[in-house]
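Here is what each chain is made of, one letter per residue.
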Amino acid sequence: MPHMQIPTLLVDMMKRSVEDDCACPDHAFLFAAEPLPHTLENDCACPDTAYRAQPNLPTAPLYTPTADTHHQPLPANFHLLHSPFAPAGPAVLNHAGWQEWQTFQDGRPLDPTNPLHQQLLEQTLLQPLGGRYTPTSTQGETLTAWLHITNACNLDCPYCYVRKSSARMSEATGLKAIRQIFYTAQQQGFKQVKLKYAGGEATLHFRLVKKLHEEAQMLAQQTGIGLREVVLSNGYHIRPADAEWLKEAGVKLMVSLDGVGELHDQQRPLKNGGSTFDQIQHTVDEVLLPLGLTPDITITLTRLNAHGAAEAVRWCLERSLPISLNFYRPNLQSASRVELELEEQAIMAGMTAAYAAFEEQMPTRPFLNGLLDRVQAEAHTHTCGVQHSYLVITHTGQLSQCQMHLGQPVQPHLEGNLIPLVAAGTIQNISVDQKEGCRQCEFRYRCSGGCPLETYRATGRWDINSPHCRIYKTLWPQALRLEGLRLLKAHGIQFNGNAYN
Ligand code: SF4
Ligand code: SF4
């Protein structure tokens, strides 16, 4: 993603302020991350398809700092601010900018000649005195569909939610699914379709994936609807020819990696218990990267592997691979595996160590959206697209709400507009503004209350905060701090004696 454009003069001012090691009292400035063009791939239907929270931008005679704005100091007298209503990630201000923001404490008018004031308003860091933002939800532009290519897999991961068998999707079922997805997108006014080829292990049936891709491409051209595709894979057996096809076809690849060496093998073994890490490393290093194919890496954290998260992150960063750190969710298949269940302290310690690994190597490309499970930087009201913009098509052509509900379809066949059918299903994916415990949370439009299915499993309720709430509240500020440091580095800020060189 291109960095936010900052006038050269401003960058020079920023550099000078840090090199001088001063508090930069004269030139107040702010910079903020732009919304990401698309999200990291993971197993969910998440945020690019979720409802966006769009605040009204009111005009008023007097303004004051926005309530519930998150603040934390950064090195060299910089400050990070993040309003609950900000369109994307946090803003970073120099000390003078921070002081200027504080002059609004008792309410004051905006100065039209001061560009910082306009930026503070754009970042919703100021609100009308006596008023408040009233964000409205708007449906995302993308209809996402999980195509369950097969139940078969060459691995036997203990947390998998798929009941394994050799069953696979037929070509006729797959083609019908693609047509019905595009029909639904047209009916609902979506501008884009995103297909997730999944399983089981979708690469075991690459010919079917290619066939469905051809059909989807044709329909995308016919309808004028955009198309994005990703293959979700364990990375164990991707042939060079298939990798070349992915690159040529513009189909993304997501690979699961749960640690380095034994930690990965323990959580993602072959059916006979054999090791898989070395083969996946070979796939990435010898097949994908030489072709210029960069897979998104998803790391699923359980109680067993959380302590290895930092090493896995380092392995990815050494290869400049995008990372998504996700939490294990118990399911019907894994219910007896209590040793996998999240243990708060272990997860928080593992994640904190993983964040330290990011800080050591500090990429300049954005990575905030991969740092904390379903928590996302862009303001949104619903955790995922379930009920609104997400379809799961089983290998037999049944329709489900979520990939973790493959065995609980809402409709046994694919007919008509599919959105009303998933909307009427049992999973209730409600707005964070309706969740008890979340309404006043400063992170509500980033976390949105967590995975609804996980909350229901743990509490029997859809309208309450996540069972992982404490983890999110502890780790999200740490993730924001990393984004603040990344923004500083991306904009050429180097601290005296700091390792960013
Ligand atoms: S689950 Fe917790 S952190 Fe997330 S929005 Fe609700 S209260 Fe905030
Ligand atoms: S309900 Fe949970 S598991 Fe299913 S798509 Fe939403 S966030 Fe993901």
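In case you missed it, the structure is sitting above this.
Parameters and conventions
Residues numbered from 1 in each chain as written. Chains lettered and ligands numbered in written order. Predicted model: local features only at pLDDT ≥ 70, side-chain atom pairs only at ≥ 80, totals over all residues. Heavy atoms only, no water. Buried < 20%, exposed > 50% of the residue type's maximum accessible area, 1.4 Å probe, protein only. Helix = DSSP H or I, 4+ residues; strand = E, 2+ residues; numbered from the N terminus. Contact = heavy atoms within 4.5 Å. Phe/Tyr/Trp six-rings, centres within 6.5 Å; stacked < 30°, edge-to-face > 60°. Lys NZ or Arg CZ within 6 Å of the ring centre and 35° of its normal. Core = buried A, V, L, I, M, F, W, Y, C linked by side-chain atoms within 4.5 Å. Near = heavy atom within 4 Å. Nonpolar A, V, L, I, M, F, W, Y, C, P; charged D, E, K, R; others polar.

(A) Molecular detail of helix α9 (residues 309–318). Of all 10 residues making up α9, seven are buried, and the element is well covered by its neighbours. Residues of α9 that are buried: A309, A310, A312, V313, W315, C316 and L317. If you follow the buried residues of α9, they end up packed against α8 (277–291), β13 (296–301), β14 (323–327) and α10 (344–361). In the segment just after α9, S320 is the residue with positive phi, at about 55°.

(B) Examining the packing of aromatic side chains more closely. Taken as a whole and judged by the stated rule, the model has nine aromatic pairs. Note on F85 and Y445: the rings are 5.8 Å apart at their centroids and 45° apart in plane angle, and the pair reads as tilted. Within this pair, whereas F85 is found in the loop between β5 (79–82) and β6 (91–93), its partner Y445 is found in helix α12 (residues 444–447), the two being separated by 360 residues in sequence. By the burial criterion, F85 is buried, and Y445 matches it. Arranged with centres 4.7 Å apart and planes meeting at 10°, the rings of F358 and F367 form a pair that is stacked. With a relative accessible area of 5%, F367 lands in the buried category. Through a chain of ring-to-ring contacts, the aromatic side chains of F85, Y133 and Y445 assemble into a single cluster. Across from the ring centre of F104, 4.7 Å away, lies the NZ or CZ of R108, which sits over that ring. Note that R319 overlies the ring of W315, its terminal NZ or CZ placed 4.0 Å from the centroid.

(C) Up close: the nonpolar core. Of all hydrophobic cores here, the largest spans 100 residues; its most connected members are L147 and L325. Excluding its chain neighbours within four sequence positions, the residues that come into contact with L325 are I299, L301, V313, M351, A354, Y355, F358, G370, L371, L372 and D373. Y63, F104, L120 and Y445 belong to the second largest nonpolar core, which has 20 residues in total.

(D) Local environment of the site of ligand 1. In the vicinity of ligand 1, the contacting residues are G437, C438, C441, R444, C447, G449, N465, S466, C469, Y472 and K473. At the level of elements, α12 and α14 (469–490) are the ones that each hand at least two residues to the shell around ligand 1. Counting residues per element, the shell around ligand 1 draws most heavily on α14, which supplies three residues. In the shell around ligand 1, the residues fall into five nonpolar, four polar and two charged.

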